[in-house]
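Structure assessment
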Amino acid sequence: MPTKVIAVANQKGGVGKTTTAVNLSACVAAVGRRVLLFDLDPQANATSGVGLDKIEGASAYRVLLGEGGLLDKIQNTAYERLEIIPSEVDLCGADIELSRAENHLQRVSQSLQPVIASDRFDVLFVDCPPSLGVLTLNAFAAADAVLVPLQCEYYALEGISMLNRVMGQLHDSGVNPRLELLGVVMTMFDSRTKLSNQVVSEVREHFGERVFETMIPRSTRLAEAPSFGKPIIHYDKYSPGSAAYELLAQEVLNRLAL
């Protein structure tokens, strides 16, 4: 079975995108799959979220500009079966430099070919920047599917229609004809509030079965975990946030037939 490439994306910041990329990667690795987390966000929060330092030259930046290979950038984490291609602030420059390069939308896809061919991983999660810039479009061009974290707030649905349109354009123009929406995961859910429940029912009305059953609760432990450089299952295994991401991992694996 070839490596499945999943872009975790939402152009709106603060929706739990990196939290989802890190915790989903850790939970999928914990159930026995070989996982690569590709931090493509210059903020490098996924990198620090698994306990790695942001080191100059460690990211995919140079590789995307044609120097070296991504296999050399892969690093181990403290967690079994979970490896990472870290990020760094320099990656900010890639948005500008890539837009001037030849085949600028295919750079991530081309760079990932040797990684996929190595057959080292079952699934590869790409943590995208919170924008629809060149790096995110590159991730979409390389991905089999996109997973969208959506927070339970009023403006949640506004951004996703634009993201959907961009995915449709990449699919229909032939840039990536296999691209599909893996699903929408509702984050920061608070069952006590009317708003959370309202947003969830609206999103389910819009996207039907594409919305994952599992919802990620608003949780202090989940918010604390990154400051310790640990995914939630390794920080507080018995917390509601940990249970939610473990359930989500099972749903994702079922949809990917892995």
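Just so you know, these numbers come straight off a predicted model, no measurement behind them.

Right, let's talk about the pattern of salt bridges for a bit. Applying the stated criterion across every chain, the model contains 12 salt bridges. We note a salt bridge from Asp122 to Arg34, for which the minimum N-O separation is 3.0 Å. Taken together, the positions of Asp122 in the loop between α5 (107–117) and β5 (123–127) and Arg34 in the loop between α1 (17–30) and β2 (35–39) put the pair 88 residues apart, joining distant regions of the chain. A relative accessible area of 31% means that Arg34 is categorised as partly exposed. Glu246 is the partner of Lys237 in a salt bridge, and the nearest nitrogen-oxygen pair spans 3.3 Å.

Moving on to the pairing of β5. Where burial is concerned, most of β5 is hidden: 5 out of the 5 residues are buried. The two faces of β5 match: Val123, Phe125 and Asp127 on one face and Leu124 and Val126 on the other face are all buried. Of the strand pairs in this sheet, β2 and β5 are connected by 5 bridges, and their pairing is parallel. Across the sheet, residue Leu36 finds its bridge partner in β5, namely Leu124.

Right, let's get into unusual backbone geometry. Although it is not a glycine, Arg81 sits at a positive phi angle of roughly 65 degrees. Mapped onto the elements of the fold, Arg81 is located in the loop between β3 (75–76) and β4 (82–85). By relative accessible area, Arg81 is classed as partly exposed at 32%. Positive phi, normally seen in glycine, also occurs at Ala257, with a value near 55 degrees. The residue Ala257 is located in the segment after α11 (240–256) in this model.

Here we take up the nonpolar core. In this structure, Phe38, Phe140 and Val184 are the most contacted members of the largest nonpolar core, which totals 52 residues. Here this core gets 7 residues from one element, more than from any other, and that element is helix α7 (residues 156–172). Aside from chain neighbours lying at most four places away, what touches Phe140 is Ala7, Ala9, Leu132, Val146, Leu163, Val166, Met167, Leu170, Asn176 and Leu179. Listed in part, the 37 residues of the second largest apolar core include Val35, Val50, Tyr79 and Leu222.

Right, let's talk about the environment of Asp122 for a bit. Classification of Asp122 as buried rests on a relative accessible area of 17%. C-alpha separation for the pair Asp122 and Gly49, spaced 73 residues apart in sequence, amounts to 21 Å. Apart from residues no more than four positions distant in its own chain, Asp122 is found in contact with Pro2, Thr3, Lys4, Arg33, Arg34 and Leu258. Within the structure, the side chain of Asp122 is placed 2.8 Å from the backbone nitrogen of Arg34, a separation counted as a polar contact.

The strands that make up a sheet pair up through hydrogen bonds in the backbone, lying either parallel or antiparallel. An order of β3-β4-β2-β5-β1-β6-β7 is seen for the 7 strands of this open sheet, with the pairing classed as mixed. Strands at the two margins of the open sheet, each flanked by one partner only, are β3 and β7 (180–187). Relative to strand β6 (residues 145–151), strand β1 (residues 4–8) is paired through 3 bridges, and the arrangement is parallel. Within β6, the position partnered with Val8 by the bridge is Leu147. α5 contacts β1, β2 and β5 of the sheet and is inclined by roughly 155 degrees relative to β2.

Right, let's talk about helix α8 (residues 194–207) for a bit. If you check α8, its first and last C-alpha atoms are 20 Å apart, about what 14 residues at 1.5 Å a residue would give, namely 20 Å. Listed in full, the buried residues belonging to α8 are Ser196, Val199, Val200, Val203 and Phe207. End-on, the buried residues of α8 take up no more than an arc of 100 degrees, which puts them together on one face. In α8, the exposed positions that point more than 90 degrees away from the buried face belong to Lys194 and Glu205. Where the residues of α8 are buried, they touch β6, α7 and β7. Where α8 terminates, the next one or two residues include Gly208, which has phi positive at roughly 55 degrees.

The rules behind the values
Residues numbered from 1 in each chain as written. Predicted model: local features only at pLDDT ≥ 70, side-chain atom pairs only at ≥ 80, totals over all residues. Heavy atoms only, no water. Salt bridge = Lys/Arg side-chain N within 4 Å of Asp/Glu carboxyl O. Helix = DSSP H or I, 4+ residues; strand = E, 2+ residues; numbered from the N terminus. Buried < 20%, exposed > 50% of the residue type's maximum accessible area, 1.4 Å probe, protein only. Pairing = 2+ DSSP bridges. Core = buried A, V, L, I, M, F, W, Y, C linked by side-chain atoms within 4.5 Å. Contact = heavy atoms within 4.5 Å. Polar contact = N/O pair within 3.5 Å; in protein donor to acceptor, adjacent residues only side chain to side chain. Axes fitted to C-alpha atoms, helices over the stretch in contact; angles between N-to-C directions. Expected span 1.5 Å × (residues − 1). Arc of directions from axis to C-beta.

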